[in-house]
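Given next are the chains, with one letter for each unit.
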Amino acid sequence: MASSKVHVLAVPAAAQGHISPMIHLCKFIAQDPSFTISLVNIDSLHDEFIKHWVAPAGLEDLRLHSIPFSWKLPQGADAHTMGNYADYATAAARELPGGLEDLIRKLGEEGDPVSCIVSDYGCVWTQDVADVFGIPRIILWSGNAAWTSLEYHIPELLEKDHILSSRASADEANSVIIDYVRGVKPLRLADLPGYLLASEGQEVWKEICIKRSPVVKRARWVLVNSFYDLEAHTFDFMTSELGPRFIPAGPLFLLDDSRKNVVLRPENEDCLRWMDAQEHGSVLYISFGSIAVLSMEQFEELVGALEASKKPFLWVIRSELVAGGLSTESYNGFYERTKNQGFIVSWAPQLRVLAHPSMGAFLTHCGWNSVQESIANGIPMLGWPYGGDQITNSKFVVEDWKIGVRFSKTVVQGLIGREEIEDGIKKVMDSDEGKEMKERVENLKILARKAMDKEHGKSFRGLQAFLEDLKALS
């Protein structure tokens, strides 16, 4: 006998920063007894994921599935993936739709037909799969609303030859102002997501962007992991274009009482006890996310700045953080000199770190989860983006919301000297301007939490309307 439950098939993009919001959303949907959820990852990532997964109590209807993929990414996309994105995207579009179709058929044969697909915006191929079965697709946008408008304007950006252009130069990127993206304040060409300015693989990027930009219109819902009060103008514009089912649905992590993001690497919780011993508001937390890599030379400059700053620091140093590997000699010397000043982990329980009373500032690559988690905990930032939307996010942090500073170059554009890093730390943590940043981000924290209020929160109410609509699919 076929299940009377609404069966939601969730397909995140294979990157840690995209899986976390999808899991928070899945847990939220699974709390409602009307739903069964199947979370689908590529096989190599699924195998790693289940090692760390503990099914939350009462959420037995959240099932884990995998589909085959030739790329092996146990910890999700990495610097190699991003450096060869054209090959990766081509392989995904070629291999993954067939695997997903097979899985949906199998579930149907087992008496558990799939009612709809919720997938990451980047998994544009899932729309074709949804069409094969005549079921709706819902988009989860794991970035901010401004990014949705930038993607929505890709036809105009291409027409004006501002993106993926053969004549692009660094000078032009810094001087050309993009002022026609509705719902977004004017920004420099250089502040657009990095892939729109790619000099390599332009044809593939063009193809990806041209295909996915209009597909957003075909989604039954677009859930954006951001909150209305942070980006009201953008939400107003995009809703006027796409209708009332384009909604703010964040910060999604606030739905999850476990205060845990998805774990694809073992987290070191000893750092929380170290933080307990630090003064209130004194710690500089440093994390470049799951993908970014630094040169050895850049690592040394950051080390020099931390030592000179004398600030207590908690630094996430993944084994692959330094391109070509970290010299043992350099690391051991740094470790010895700073063992009374800082704490080093290979991965941190970030949601609990940012909520800790000793947190002072966050030196971040500006991935959207990190930025929004920092905002929702009232922590000012030092932005040091690596690529993608991180560049745009850092612009908003500094210029639009005024809750942090950013360095003069991205991680991949060249060396940032220790003096500039140290100045940034002092500005955010020790200056009057830093106090103002702290006040502003504390105000945004209140608004972020208000958005998920179970009585009146705009994001929470929107998610409830979304669930009610899905119930009609049974």
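Residues numbered from 1 in each chain as written. Predicted model: local features only at pLDDT ≥ 70, side-chain atom pairs only at ≥ 80, totals over all residues. Heavy atoms only, no water.

1. Quick word on the sheet that holds strand β10 (residues 283-287)
Okay, so step 1: Strand order in this open sheet of six strands is β12-β11-β10-β13-β14-β15, and the pairing throughout is parallel. With one partner strand each, in any of the chains shown, β12 (342-345) and β15 (404-406) form the two edges of the open sheet. Mean inter-strand twist for the sheet, computed between neighbouring axes without regard to direction, equals 15°.
Okay, so step 2: As defined by bridge partners, β10 adjoins strand β11 (residues 313-316) across three bridges and the pair is classed as parallel. Considered in β11, the bridge of Leu-284 is made with Phe-313. (Pairing = 2+ DSSP bridges. Helix = DSSP H or I, 4+ residues; strand = E, 2+ residues; numbered from the N terminus. Axes fitted to C-alpha atoms, helices over the stretch in contact; angles between N-to-C directions.)

2. Here we look at the packing of aromatic side chains
Okay, so step 1: Scanning all chains against the criterion turns up 25 aromatic pairs.
Okay, so step 2: Ring plane angle 70° and centroid distance 5.3 Å describe the contact between Trp-71 and Tyr-88, whose orientation is recorded as edge-to-face. Placement of Trp-71 in the loop between β3 (62-67) and α3 (79-83) and of Tyr-88 in helix α4 (residues 85-109) is noted, with a sequence separation of 17 residues between them.
Okay, so step 3: In textbook terms, an aromatic cluster arises when at least three aromatic residues are bridged by ring pairs, as seen for Phe-69, Trp-71, Tyr-85, Tyr-88, Tyr-121, Trp-141, Trp-147, Tyr-195 and Trp-205.
Okay, so step 4: Between Lys-160 and the ring centre of Tyr-180, over which it is positioned, the NZ or CZ distance is 4.4 Å.
Okay, so step 5: The ring centre of Tyr-228 lies 4.8 Å from the NZ or CZ of Lys-458, which sits over that ring. (Phe/Tyr/Trp six-rings, centres within 6.5 Å; stacked < 30°, edge-to-face > 60°. Lys NZ or Arg CZ within 6 Å of the ring centre and 35° of its normal.)

3. Topic: the domain arrangement of the chain
Okay, so step 1: In terms of domains, the chain is made up of domain 1 (6-145 + 212-258 + 451-472) and domain 2 (269-449).
Okay, so step 2: A straight line from the C-alpha centre of domain 1 to that of domain 2 covers 29 Å.
Okay, so step 3: Counting from both sides, the interface comprises 24 residues of domain 1 and, opposite them, 20 residues of domain 2.
Okay, so step 4: Surface buried jointly by domain 1 and domain 2 totals about 1800 Å² across both partners, of which 59% is contributed by carbon and sulfur atoms.
Okay, so step 5: Considering only the side of domain 1, the residues that lose the most area to domain 2 are Asn-144, Leu-230 and Phe-253, jointly responsible for 31% of the buried surface there.
Okay, so step 6: Inspection of the domain 1/domain 2 interface yields zero salt bridges. (Domains from an automatic or database assignment. Contact = heavy atoms within 4.5 Å. Buried area = accessible area lost by both parts, 1.4 Å probe. Salt bridge = Lys/Arg side-chain N within 4 Å of Asp/Glu carboxyl O.)

4. Some words on the environment of Thr-234
Okay, so step 1: Within the element layout of this structure, Thr-234 appears in helix α10 (residues 232-242).
Okay, so step 2: In contact with Thr-234, other than residues within four places in its own chain, are Ala-145, Ala-146, Ser-149, Gly-183 and Val-184.

5. What to know about the nonpolar core
Okay, so step 1: In this structure, Leu-100, Leu-223, Ile-375, Trp-401 and Leu-463 are the most contacted members of the largest nonpolar core, which totals 131 residues.
Okay, so step 2: No other element matches α4, which puts 10 residues into this core.
Okay, so step 3: Taken domain by domain, this core gets at least three of its residues from each of domain 1 (6-145 + 212-258 + 451-472) and domain 2 (269-449).
Okay, so step 4: Apart from the residues lying within four places of it in its own chain, the contact partners of Leu-463 are Leu-25, Phe-28, Leu-223, Ile-247, Ala-249, Leu-252, Leu-255 and Met-452.
Okay, so step 5: Grouped together as the second largest cluster of nonpolar side chains are 35 residues, Val-322, Ile-344, Leu-382 and Met-429 included. (Core = buried A, V, L, I, M, F, W, Y, C linked by side-chain atoms within 4.5 Å. Buried < 20%, exposed > 50% of the residue type's maximum accessible area, 1.4 Å probe, protein only.)

6. Describing the packing of helix α12 (residues 296-309) against helix α17 (residues 418-430)
Okay, so step 1: Running from amino to carboxyl end, α12 crosses α17 at an angle of 45°, the nearest separation of the two axes being 8 Å. One finds that α12 runs oblique with respect to α17. Considering the relative orientation of α12 and α17, their crossing is right-handed. Facing α12, whose interface residues are Gln-298, Glu-300, Glu-301, Leu-302, Gly-304, Ala-305, Leu-306, Ala-308 and Ser-309, α17 presents Arg-418, Ile-421, Glu-422 and Ile-425.
Okay, so step 2: Each residue belonging to the contact of α12 with α17 can be placed in one class, and the counts come to six nonpolar, three polar and four charged. (Parallel < 35°, antiparallel > 145°, perpendicular 65-115°, else oblique. Left-handed = near helix turned anticlockwise from the far one by under 90°. Nonpolar A, V, L, I, M, F, W, Y, C, P; charged D, E, K, R; others polar.)

7. Topic: the sheet that holds β3
Okay, so step 1: Taken in spatial order, the seven strands of this open sheet run β3-β2-β1-β4-β5-β8-β9, and their pairing is parallel. Unpaired on one side and paired on the other, β3 and β9 (246-248) mark the two borders of the sheet. For this sheet the average axis-to-axis angle between neighbouring strands, irrespective of direction, equals 25°.
Okay, so step 2: Of the strand pairs in this sheet, strand β1 (residues 6-11) and strand β2 (residues 35-42) are connected by five bridges, and their pairing is parallel. Note on β2: the bridge partner recorded for Leu-9 is Ser-38.
Okay, so step 3: Against the sheet, helix α2 (residues 43-52) contacts β2 and β3, and its axis sits at roughly 115° relative to β2.

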